[in-house]
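Residue-level structure breakdown
Residue-level listing of the chains:
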Amino acid sequence: MRVLGIETTCDETAVAVVASRIGGDGGDILSNEVMSQIAQHAAYGGVVPEIAARAHIDVLERLIVRALDTAGTDIAGVDAIAASAGPGLIGGILVGLTAAKALALAADKPFIAVNHLEAHALTGRLTERLDFPYLALLVSGGHTQLVAVLGVGDYKRLGSTVDDAAGEAFDKVAKMLGLPYPGGPHIERLAEEGDPARFDFPRPMFGREGADFSLSGLKTAVRQEIARIGTPTERDVADLAASFQAAIVDVLVDRVRSGLRIFTQNGGQPNGLVIGGGVGANGAIRRALTRLCAETGLRFVSPPPGLCSDNGAVVAWAGLERFARGMTDDLTFAARPRWPLDANAGSLHHGKA
Ligand code: KG4
Ligand code: ZN
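Now for a description of the structure that goes with this document. Bear in mind the structure is a predicted one, so any value in this text is a computation, not a measurement.

Quick notes on helix α2 (residues 49-70)
Taking 1.5 Å as the rise per residue, α2 with 22 residues should run 32 Å; its terminal C-alpha atoms sit 30 Å apart, in good agreement. Along its length, α2 reaches its greatest deviation from straightness, about 40°, at V59.

Observations regarding the sheet that holds strand β9 (residues 273-276)
Sheet architecture is open: five strands sit in the order β8-β7-β6-β9-β10, paired in mixed fashion. Both edges of this open sheet fall to β8 (154-160) and β10 (300-301), since each of them pairs with a single strand only. As defined by bridge partners, strand β6 (residues 134-139) adjoins β9 across four bridges and the pair is classed as parallel. By the bridge assignment, L135 is partnered in β9 with L273.

Side note on the site of ligand 1
Among the 21 residues in the neighbourhood of ligand 1, the closest are listed as G141, D171, E188, G278 and N282. The separation between an oxygen atom of ligand 1 and a polar main-chain atom of G167 is 3.2 Å. The backbone of V279 places a nitrogen or oxygen atom 3.4 Å from an oxygen atom of ligand 1. For ligand 1, the accessible surface in isolation is 550 Å², of which the surrounding protein chains cover 88%.

With respect to the nonpolar core
Counting residues in hydrophobic clusters, the biggest one holds 50 residues, and the most contacted among them are F244 and L289. Contributing elements (two or more residues each) for this core: β6, β7 (144-151), α5 (166-176), α6 (184-191), α7 (216-229), α8 (234-265), β9 and α9 (283-296). Once you skip the residues sitting within four places of it in the chain, L289 turns out to touch L137, V253, V256, L273, I275 and F300.

The rules behind the values
- Per-chain numbering applies: the sequence of each chain, read as written, is numbered from 1 onward.
- Here every chain gets a letter starting at A, and every ligand a number starting at 1, in the order they are written.
- Totals for whole chains, interfaces and linings use all residues, but because this is a predicted model, local features are given only for residues with pLDDT of at least 70 and pairs of side-chain atoms are given and counted only at 80 or more.
- The side-chain numbers reported here are obtained from all heavy atoms of the structure, hydrogens and water having been left aside.
- By definition, any uninterrupted DSSP run of H or I lasting at least four residues is a helix, any uninterrupted run of E lasting at least two residues is a strand, and each is numbered from the N terminus.
- Helix span, as expected, comes to 1.5 Å for every residue beyond the first.
- The seven residues ending at a residue and the seven starting there each receive a fitted axis; the angle between those axes is the bend at that residue.
- Strand pairing requires that DSSP identify at least two bridges connecting the strands.
- Whether a residue is near a molecule or strand depends on its heavy atoms: it is near if one of them lies within 4 Å of it.
- Identification of polar contacts relies on pairs of N or O atoms within 3.5 Å, with a donor-acceptor requirement for protein atoms, meaning one able to donate a hydrogen and the other able to accept it, and with residues adjacent in sequence counted only if both atoms are side-chain atoms.
- For every accessible area listed, the method is Shrake-Rupley and the probe measures 1.4 Å; residues are considered covered only by the protein chains on display.
- For our purposes a nonpolar core is just a set of buried Ala, Val, Leu, Ile, Met, Phe, Trp, Tyr and Cys residues, chained together by side-chain atoms within 4.5 Å.
- Only protein chains enter the accessibility calculation, which uses a 1.4 Å probe; a residue whose area is less than 20% of its type maximum is buried, one above 50% is exposed, and one in between is partly exposed.
- Should any heavy atoms of two residues lie within 4.5 Å, those residues are counted as being in contact.

Set out below in C-alpha cells:
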C-alpha cells in the first residue's frame, strides 16, 4: 500500500510517498521532499502566515511531481492521498488540503485528512515496530504535550503547556540573545560551549503533580538575567544558552516521568516513549530522555531529526495507518486551524470508520 502525504501547516512545504511493510513492521519512505521557507521568514524573526501561504502555493506542485518521480510512481500508482488538515496556519493548510482533495478527485483515490499532531505521534511506528499503547512527547514551535497513544485515532492528552511551547521558548530566548530564527538549533550549538550551571534558572512545574508544562517563566528569567548583565559577552551568551537548555531538559524529563506515572496509574503499561516535533531534534533532550528510559526500563523511540521536524513522510504514514483501517474522509472535510488531538476520539466529523 502506498500513500502520498502533503504537509503545509507551518513553514515547511513537504510531500512524501510512503509504503507499508507486510506484518506491521513500520513503513518504507519512497520519497520525502521538504522545502523549508525559513529564509523567507528570517527577516521577520518568525513565521509570517501570509508569506507562508504564498510560498506553499509557489512550490507545492513541483514538490508533488518530484515526490512521485523519486518514488518511481505516478498518481495512479498510489492508493490514497493524505494531507495535514490542521492544526496550524489556515492559509497554509488550505493550500495543501485543497491540492490533496483535487488530486484525490481527479485520480479517483481515497482522501485522508490527517491531524498534524497525530502524524508526529505515530512517527514511532513508521521508523520501527512499536505496538500500542505508548507515550508520545510532542515538542514543536506551536505545541508541547504528552499524549497516551492508545491506537490510531485514539489519543489521550496527559498534559500540555499552559503558556509557551518548547520551540517557542527556544525561539524567543534565541531572539533575546541575538540569534537567528528558528533559534533552537543555534541555542543547542552554543550550549555545547557554555556552562549549564552558571545561571540557576527556574524549572517551572518541576515535581508538580500532573503532566502540564509551563515555560514562559523560564523565558522571563532569561530576559531578566540578560538585562542584569547589560551587554552579554560571547561567553555570557553561551552560558545563558547552556543554562536555559539545561532547565528545559530538566523540565521535560520531569514531566515525562510524571506522565509515565499517570499512564501506569490508569492501568496502562506503555510499550515505549516516542519523541516528535522539531524540538525533538535537540541532542541534549534526546540524551536525557535516553537516560530516563534506560533508568525506567522503557523503550525510547527517537525518530531521526528529519522525521521529528515537519515533513511529508509522517503525514503519509499517518494517512496510511488510517487508510489501512478504513478511515478515509469526505472531500468536504474542512481545514481545522485548531484541532486538539484527543478530540479525534469518537468525533463524528472525522473518518467514516
Ligand atoms: O515541528 P517543527 O518543525 O514545526 C512546528 O510545527 O512548529 O518545530 C519547529 C521548532 C522551532 O521552534 C525550532 O526552534 C525548534 O523546533 N527546533 C529546535 C531544534 N531544532 C528545531 N529546538 C531545540 N533544539 C533543536 N535542535
Ligand atoms: Zn510539527
